[in-house]
Amino acid sequence: MSIYQHKFQSKMERFHSFTGNLLVFVLILLVAVSCREKTSDQNQSKVEKIYVPDAAHLFSKQDVEEALNLQSGAVYEVSPSYKEHSSTAFFRFDDPEKPNAAILISAQVNPIPEEYYNYADSYIEGLKSRGEMTVGSDEADIYKDFTVAGEPGAYSLASRFFYWKDRDDHVYFLAFNTSHTDEQVYEAAVRLAEKAMSK
């Protein structure tokens, strides 16, 4: 083998070594990019799953005052609270006949969507079929139908609790601590629930 042939072969060996390393590097880079995109998609999906409506903005102080026939400005405080799978808000007002008068509104998302696909429907149907235990009673409080914007719900005037769902599988809860009559509470609940669903 001549010295020229030896140099040419040496150069080819170095070229093959370089291209081999380059190919490995490219493959590693492609895998890294693919993993990053997959992780990004998973994170995006997770964010979408845990979106919860803001309970404090489902209706206004004025909406509450009008629904309960209160004087303008009677609702003096809105106290929101936020967790990973739920949001809650108290609308507080003065009621001479009821200490700590307020209504509570909350919105909750399915905490385990991968395992419990029909969470909202099952929860509401359970209230109407099995009921809910209340403080000071040995019997379950069986709820009645409460339809909001065409979506199923359930209510109990014994507890003054109202539940309903939306098309995105969120469950809403509305509770009253007031001196209003059952009829007034029911009418106010219908009005506020419809307002919340119009957002």
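As the structure is a prediction and not an experimental result, all values here were calculated from the model. (Residues numbered from 1 in each chain as written. Predicted model: local features only at pLDDT ≥ 70, side-chain atom pairs only at ≥ 80, totals over all residues. Heavy atoms only, no water.)

Draft legend 1. Seen up close, the overall build of the chain. In terms of regular secondary structure, the chain is built from 4 helices and 9 strands. The buried share of the chain, reckoned over its 199 residues, is 34%. In the chain, once contacts between residues fewer than 6 apart in sequence are set aside, the share between residues at least 24 apart is 48%. Total accessible area on the chain is roughly 13100 Å²; 53% of this is exposed by carbon and sulfur atoms. (Helix = DSSP H or I, 4+ residues; strand = E, 2+ residues; numbered from the N terminus. Buried < 20%, exposed > 50% of the residue type's maximum accessible area, 1.4 Å probe, protein only. Contact = heavy atoms within 4.5 Å. Areas by Shrake-Rupley, 256 points an atom, 1.4 Å probe, with all protein chains shown as cover.)

Draft legend 2. Local environment of the sheet that holds strand E6 (residues 144–145). An order of E1-E2-E3-E9-E8-E7-E6 is seen for the 7 strands of this open sheet, with the pairing classed as antiparallel. Of all strands in the sheet, those bounded by a partner on one side alone are strand E1 (75–82) and E6. Where E1 lies against strand E2 (residues 86–93), 7 bridges are found, and the strand directions are antiparallel. Along E2, the bridge assignment pairs Ser81 with Thr88. Set on the sheet, helix H3 (residues 119–129) makes contact with strand E3 (102–108), E6, strand E7 (153–156), strand E8 (161–165) and strand E9 (171–177); between it and E8 the angle comes to about 145°. Each of E3, E7, E8 and E9 touches helix H4 (residues 182–197); the most contacted strand, E9, lies at about 145° to it. (Pairing = 2+ DSSP bridges. Axes fitted to C-alpha atoms, helices over the stretch in contact; angles between N-to-C directions.)

Draft legend 3. Region of the structure containing the confidence of the model for the chain. Averaged over every residue, the pLDDT of the chain is 81; the share at 70 or more is 75%. Taken as a whole, residues 2–9 scores under 50 in pLDDT and shows 2 contacts with residues more than four places along the chain or in a different chain. Across residues 18–47 the pLDDT falls below 50, and counting only partners more than four positions away or on other chains, this stretch makes 0 contacts in the model. (pLDDT = per-residue confidence, 0-100.)

Draft legend 4. Quick peek at the nonpolar core. Formed by 31 residues in total, the largest nonpolar core has its most connected members in Phe59, Ile103, Ile105, Trp164, Leu174 and Phe176. Taken together, the elements giving at least two residues each to this core come down to helix H2 (61–67), E2, E3, E8, E9 and H4. If you tally residues by element for this core, the top one is H4, at 6 residues. Setting aside anything within four residues of it in sequence, one finds Phe176 in contact with Leu68, Ala102, Ile103, Arg160, Phe162, Val185, Ala188, Ala189 and Leu192. Counting 11 residues, the second largest nonpolar core, distinct from the first, contains Leu104, Ile124, Tyr143 and Ala154. (Core = buried A, V, L, I, M, F, W, Y, C linked by side-chain atoms within 4.5 Å.)

Draft legend 5. Region of interest: the environment of Val171. Structurally, the position occupied by Val171 is in strand E9. Sequence separation between Val171 and Gly153 is 18 residues; the distance between their C-alpha atoms is 9.0 Å.

Draft legend 6. Fine view of H4. Taking 1.5 Å per residue as the helical rise, H4 with its 16 residues ought to reach 22 Å, and the 22 Å between its terminal C-alpha atoms agrees with that figure. The inward-facing, buried residues of H4 abut H2, E3, E8 and E9. (Expected span 1.5 Å × (residues − 1).)

Draft legend 7. Molecular detail of H3. Within H3, the full set of buried residues consists of Tyr119, Ala120, Ile124, Gly126, Leu127 and Lys128. Gly131 sits one or two positions beyond H3 and adopts a positive phi of about 80°.

Draft legend 8. Local environment of the packing of aromatic side chains. Enumeration over the complete set of coordinates arrives at 15 aromatic pairs. Feature note: the residues Phe146, Tyr155, Phe162, Trp164, Tyr172, Phe176 and Tyr186 constitute an aromatic cluster, connected by ring pairs. The aromatic ring of Phe90 is capped on one face by Arg92, whose charged end is 4.7 Å from the ring centroid. (Phe/Tyr/Trp six-rings, centres within 6.5 Å; stacked < 30°, edge-to-face > 60°. Lys NZ or Arg CZ within 6 Å of the ring centre and 35° of its normal.)

Draft legend 9. Highlighting the pattern of salt bridges. For the structure on display, the rule yields 7 salt bridges. For Arg92, the salt bridge goes to Glu77, with nearest N and O atoms at 3.0 Å. Pair noted here: Arg92 is in strand E2 and Glu77 is in strand E1, with a separation of 15 residues, a long-range link. In this structure Glu77 comes out as partly exposed when scored by relative accessible area, which is 35%. One salt bridge in this structure joins Asp182 and Arg160, with 3.0 Å as the shortest N-O distance. In this pair, Asp182 is assigned in helix H4 and Arg160 in the loop between E7 and E8, connecting sequence segments 22 residues apart. Residue class for Asp182 comes out partly exposed when judged on its relative accessible area of 36%. Here the salt bridges do not stand alone but share partners, grouping Asp121, Glu151 and Lys165 into one network. (Salt bridge = Lys/Arg side-chain N within 4 Å of Asp/Glu carboxyl O.)

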